[in-house]
Amino acid sequence: MGTGKTKRKHGAHTKVKKYKRKTWLCHRAKDTDQIQDEIEKSVETGKPIAFEYDDELPGGGQFYCVETGKHFADAKALADHKKSRYYKRRVKELKEEKYTQDTAEWAGGMSKEVLPPAHSKNSNK
């Protein structure tokens, strides 16, 4: 026998860490290196990135922005998106060279240069 409401209040789960992580992950955009890989594959095969009709995707999956990896409901929404600041920034990021493991090691200070030995065996005594 309760004395009042047992349901949670509206918006009470917004402070829960698990909820925030779950919602952030499902709405997360693709990384630039993933998109660069997709573009490289489409250039190698000679086929543009296209989707078959799918009821689950917005607009049936027919209006897709390659640079941001998002689907849109119609052509007007896609055209408006291509004028946005987010789209223009992403295009600029994609034009930069892709990071490699060598670049990461160089930035971390792990050099691959070969130094002469400090105490050589052929030294004159």
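Everything here concerns the structure above.
These remarks concern the structure in this document. Note that this is a predicted model, so its numbers are computed, not measured. (Residues numbered from 1 in each chain as written. Predicted model: local features only at pLDDT ≥ 70, side-chain atom pairs only at ≥ 80, totals over all residues. Heavy atoms only, no water.)

1. Some points on the environment of Gly61
We count it as follows: For helices the rule is a DSSP run of H or I covering at least 4 residues; for strands it is a run of E covering at least 2, with both sets numbered from the N terminus onward. Residue contacts are defined here by distance: any two heavy atoms, one from each residue, within 4.5 Å place the two residues in contact.
With respect to the helices and strands, Gly61 occurs in the loop between α2 (32-45) and β1 (63-65). Each C-alpha atom, one on Gly61 and one on His71, is 6.2 Å from the other, the two residues being 10 residues apart in sequence. Setting aside chain neighbours within four positions, we find Gly61 in contact with Phe51, Asp54 and His71.

2. Looking at α2
Under the convention used in this document: Here, expected helix span is obtained from the residue count minus one, scaled by 1.5 Å.
Counted at 1.5 Å a residue, the expected span for α2 with its 14 residues is 20 Å, and the 20 Å between its end C-alpha atoms agrees. Buried residues belonging to α2 abut α4 (85-95).

3. Let's talk about the environment of Thr32
Here Thr32 lies in helix α2. Along the sequence, Thr32 and Lys98 sit 66 residues apart, while their C-alpha atoms lie 8.4 Å from each other. Setting aside anything within four residues of it in sequence, one finds Thr32 in contact with Arg90, Glu93 and Leu94.

4. Observations regarding the pattern of salt bridges
For the record, the criterion: We define a salt bridge as a side-chain nitrogen of Lys or Arg found within 4 Å of a carboxyl oxygen belonging to Asp or Glu. Burial classes: relative accessible area under 20% of the type maximum marks a residue as buried, over 50% as exposed, and values in between as partly exposed (1.4 Å probe, protein chains only).
A complete count under the given rule lists five salt bridges for this structure. Among the salt bridges present, the one from Glu38 reaches Lys30, with a minimum N-O distance of 2.4 Å. Judged by relative accessible area, Lys30 falls into the partly exposed class, the value being 30%. Between Lys98 and Asp37 there is a salt bridge whose closest N-O contact spans 2.5 Å. Placement of Lys98 in the loop between α4 and α5 (101-107) and of Asp37 in helix α2 is noted, with a sequence separation of 61 residues between them. Overall, the relative accessible area of 27% leaves Lys98 in the partly exposed class. Shared partners join several salt bridges into a network, and the residues in it are Asp37, Glu40 and Lys98.

5. What to know about the packing of α2 against α4
Put simply, the rule is: Under this scheme, a helix contributes an axis fitted over its contacting stretch, all axes are lines through C-alpha atoms, and angles between N-to-C directions fall in the 0 to 180 degree range. An angle below 35 degrees is read as roughly parallel, one above 145 as roughly antiparallel, one from 65 to 115 as roughly perpendicular, and any other as oblique. Classes in brief: Ala, Val, Leu, Ile, Met, Phe, Trp, Tyr, Cys and Pro nonpolar; Asp, Glu, Lys and Arg charged; the others, Gly included, polar.
Remark: α2 packs on α4, axes separated minimally by 10 Å, with the N-to-C direction vectors making an angle of 70°. Between α2 and α4, the interaxial angle falls into the category roughly perpendicular. Within the contact between the two elements, α2 uses Thr32, Ile35, Gln36 and Ile39 and α4 uses Arg90, Glu93 and Leu94. Broken down by class, the residue content of the contact of α2 with α4 amounts to three nonpolar, two polar and two charged.

6. Digging into α4
Worth spelling out the cut-off: Taken from the helix axis, the directions to the C-beta atoms give the arc we talk about.
Of the positions making up α4, those classed as buried are Tyr87, Arg90 and Leu94. Along the axis of α4, the buried positions cluster into a sector of 65°, meaning they face one direction only. Summarising the geometry of α4, the exposed residues directed more than 90 degrees from the buried face are Arg85, Lys88, Arg89, Lys92 and Lys95. For α4, the secondary structure elements touched by its buried residues are α2, β1 and α3 (75-81).

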